[in-house]
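# Coordinate analysis (summary)
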Amino acid sequence: MVKLTLKMDNITKDVKPGTGLMAFCEEVGSSIAFGCGTGVCGVCLVQVVSGMENLSKPTEQESESLKMLGAKKGQRLACQITIQGPGEVVIDSID
Ligand code: FES
């Protein structure tokens, strides 16, 4: 199991490797907003505080959107993230 924390929502839970962040957020009622769900609209931009190495790598679509959005280091599109582990992951809202 991977320890996942959504700092902005004060939620910490153990999740199975392979868990999609968007599905997890819907399940726990996270405040992260989602739109397209496909890495295009950019509304789900979040800050990965720690554990980036425990997440799926950005797809080509996500990388392109991050560039367009002027995303800073450590920022990802939540809808595109799969939690892989083995370490802990902490996610927060962008400033
Ligand atoms: S919901 Fe549109 S990019 Fe994530």
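What counts, and at which threshold
- Residues numbered from 1 in each chain as written.
- Predicted model: local features only at pLDDT ≥ 70, side-chain atom pairs only at ≥ 80, totals over all residues.
- Heavy atoms only, no water.
- Pairing = 2+ DSSP bridges.
- Helix = DSSP H or I, 4+ residues; strand = E, 2+ residues; numbered from the N terminus.
- Axes fitted to C-alpha atoms, helices over the stretch in contact; angles between N-to-C directions.
- Contact = heavy atoms within 4.5 Å.

We now examine the sheet that holds strand S2 (residues 11–15). With mixed pairing, five strands are arranged side by side in an open sheet as S2-S1-S7-S4-S5. The strands lining the two open edges of the sheet, one partner per strand, are S2 and strand S5 (75–77). The average angle at which neighbouring strand axes cross in this sheet is 30 degrees, direction not considered. Taken together, the four bridges between strand S4 (residues 45–50) and strand S7 (residues 89–93) define a ladder with antiparallel strand orientation. If you follow Val-46 over to S7, its bridge partner there is Ser-93. The sheet strands contacting helix H1 (residues 21–28) are strand S1 (2–6), S2 and S7, and the helix crosses S1 at an angle near 65 degrees. Where helix H2 (residues 60–69) meets the sheet, its contacts fall on S4 and S5, and the angle it forms with S5 comes to roughly 125 degrees.

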